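What the coordinates show
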Amino acid sequence: MIVATGSAPSLDIVGNLAQGIQDTPGLAQDNVMSVWDVLEDRRPIGHRVLVVDDGEGGWKGIGLALQLDADGHDVEYVTPLPYAGAKLGPFSADLAVRRIHLSHIATHPFASVTRIDGATVTLSEQGHANTVADVDTVILAGWHRPVTDLYVALKGRGVTVERIGDAIASRTMLEAIHEGERAARRVTSNT
Ligand SMILES: Cc1cc2nc3c(=O)[nH]c(=O)nc-3n(C[C@H](O)[C@H](O)[C@H](O)COP(=O)(O)OP(=O)(O)OC[C@H]3O[C@@H](n4cnc5c(N)ncnc54)[C@H](O)[C@@H]3O)c2cc1C
């Protein structure tokens with residue numbers, strides 16, 4: 001059996017671990033939400049928005065930031081990468097980085113969120129503490145956690161099962177498709 005249950009946002013900033021930040025106080029505040037909260041229109045978004053990439057660096061955060069900017073929000077974008085769009089493939093990055101430069105989005109490269117205290121967000125930015133004040137909404141747009149309940153339950157019942165895609169680790173469609181194809185070929189060759 002093949003399980004492809006994907007991944008989901010969690011109440012932590014997964015990529016902060018790679019920056020040596022184990023705990024980020026303030027993530028449970030009402031003004032902190034995930035990209036899924038935004039896409040599913042679960043809560044209203046304030047005017048001044050901080051979009052937080054944690055090194056995942058894909059379209060998730062950049063697409064959202066560009067859309068919010070186009071919708072008239074005042075957007076800032078935090079990333080531990082050297083620039084917003086650094087992890088997109090070269091053809092996508094050419095378009096995305098240009099669009100970010102042409103937008104009103106203020107970017108914080110080499111930066112990670114270390115604390116959220118009400119409307120004040122503290123960053124570790126290029127090795128120094130920096131604060132972004134008067135933030136209405138913080139949107140976490142980084143790595144997700146794998147959804148493993150079904151996989152674990154099946155394994156616990158002795159079912160022969162393997163995981164593919166984000167159910168192993170939050171990545172991109174390319175890995176999910178590749179792993180799905182390889183798993184399907186194994187099933188076919190075993191029958
Ligand atoms: C906002 C956003 C933008 C993204 N943009 C890009 C992009 O531009 N390019 C790119 O390559 N990747 C992008 N990604 C990542 C990409 O979407 C994922 O890597 C990919 O969808 C993973 O595929 P998957 O099949 O493993 O999981 P998913 O596509 O997440 O599918 C898992 C499915 O399993 C279902 N499920 C979960 N538990 C159960 C259960 N117990 N029983 C039955 N069903 C269950 C879920 O509801 C879901 O439908 C983006 C992700 C997000 C969140």
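Quantities reported herein were computed from a predicted structural model and do not represent experimental measurements.

Moving on, we come to the site of the ligand. If you check the shell around the ligand, you find 17 residues, and the closest are Gly6, Gly165, Thr172, Met173 and Ala176. Listing elements by their share of the shell around the ligand, those giving two or more residues are helix H2 (59-70) and helix H5 (173-190). For the shell around the ligand, the leading source of residues is H5, giving 3 residues. Along the lines of polarity and charge, the residues of the shell around the ligand split into 9 nonpolar, 5 polar and 3 charged.

In spatial order, the strands read E7-E8-E9; together these 3 strands make up an open sheet with antiparallel pairing. A strand with exactly one partner marks an edge of an open sheet, and here the two such strands are strand E7 (111-117) and strand E9 (128-132). Each adjacent strand pair in this sheet contributes to an overall mean axis angle of 30°, direction not counted. Pairing between E7 and strand E8 (residues 120-125): 6 bridges, direction antiparallel. Looking at the pairing, Val113 lines up with Leu123 of E8.

Before going further, it helps to examine the sheet that holds strand E6 (residues 106-108). Ordered in space as E3-E10-E4-E5-E6, the 5 strands form an open sheet in which the pairing is parallel. Two strands close off the open sheet at either side, each with one partner strand: strand E3 (32-34) and E6. Neighbour to neighbour, the strand axes of the sheet diverge by 25° on average, direction disregarded. Here strand E5 (residues 74-78) pairs with E6 via 3 bridges, running parallel. Paired with Tyr77 across the bridge in E6 is Thr107.

As a further point, take the nonpolar core. By size, the foremost hydrophobic cluster in this structure holds 29 residues, and its most contacted members are Leu50, Val51, Val52, Ala65, Val121, Val138 and Ile139. Residue assignment for this core shows that the elements contributing at least two residues are strand E4 (48-52), H2, E5, helix H3 (90-102), E7, E8 and strand E10 (137-140). At 5 residues, H2 tops the list of elements feeding residues into this core. Aside from chain neighbours lying at most four places away, what touches Val138 is Asn31, Val32, Leu50, Val52, Ile116 and Val121.

With that out of the way, let us pick up the domain arrangement of the protein. Annotation of the protein at the domain level lists domain 1 (8-142) and domain 2 (146-190). Between the C-alpha centres of domain 1 and domain 2 there is a distance of 30 Å.

It is worth spelling out H2 at this point. Between its first and last C-alpha atoms H2 spans 16 Å; for 12 residues at 1.5 Å apiece the expected length is 16 Å, and the two agree. For H2, the set of buried residues is Lys60, Gly61, Ile62, Leu64, Ala65, Leu66, Leu68 and Asp69. In this structure, the buried residues of H2 make contact with helix H1 (35-39), E4, E5, H3 and E10. Among the residues trailing H2, Gly72 stands out with phi positive, at a value near 95°.

Right, let's get into the environment of Asp134. Checked against the element boundaries, Asp134 lands in the loop between E9 and E10. Looking at Asp134, the number of C-beta atoms within 10 Å reads 12, which means it is exposed. In contact with Asp134, not counting residues within four places along its chain, are Arg48 and Ala119.

Conventions we followed
Residues numbered from 1 in each chain as written. Predicted model: local features only at pLDDT ≥ 70, side-chain atom pairs only at ≥ 80, totals over all residues. Near = placed C-beta within 6 Å. Helix = DSSP H or I, 4+ residues; strand = E, 2+ residues; numbered from the N terminus. Nonpolar A, V, L, I, M, F, W, Y, C, P; charged D, E, K, R; others polar. Pairing = 2+ DSSP bridges. Axes fitted to C-alpha atoms, helices over the stretch in contact; angles between N-to-C directions. Core = buried A, V, L, I, M, F, W, Y, C linked by C-beta atoms within 7 Å. Buried ≥ 20, exposed ≤ 12 C-beta atoms within 10 Å, placed from the backbone. Contact = placed C-beta atoms within 7 Å. Domains from an automatic or database assignment. Expected span 1.5 Å × (residues − 1).

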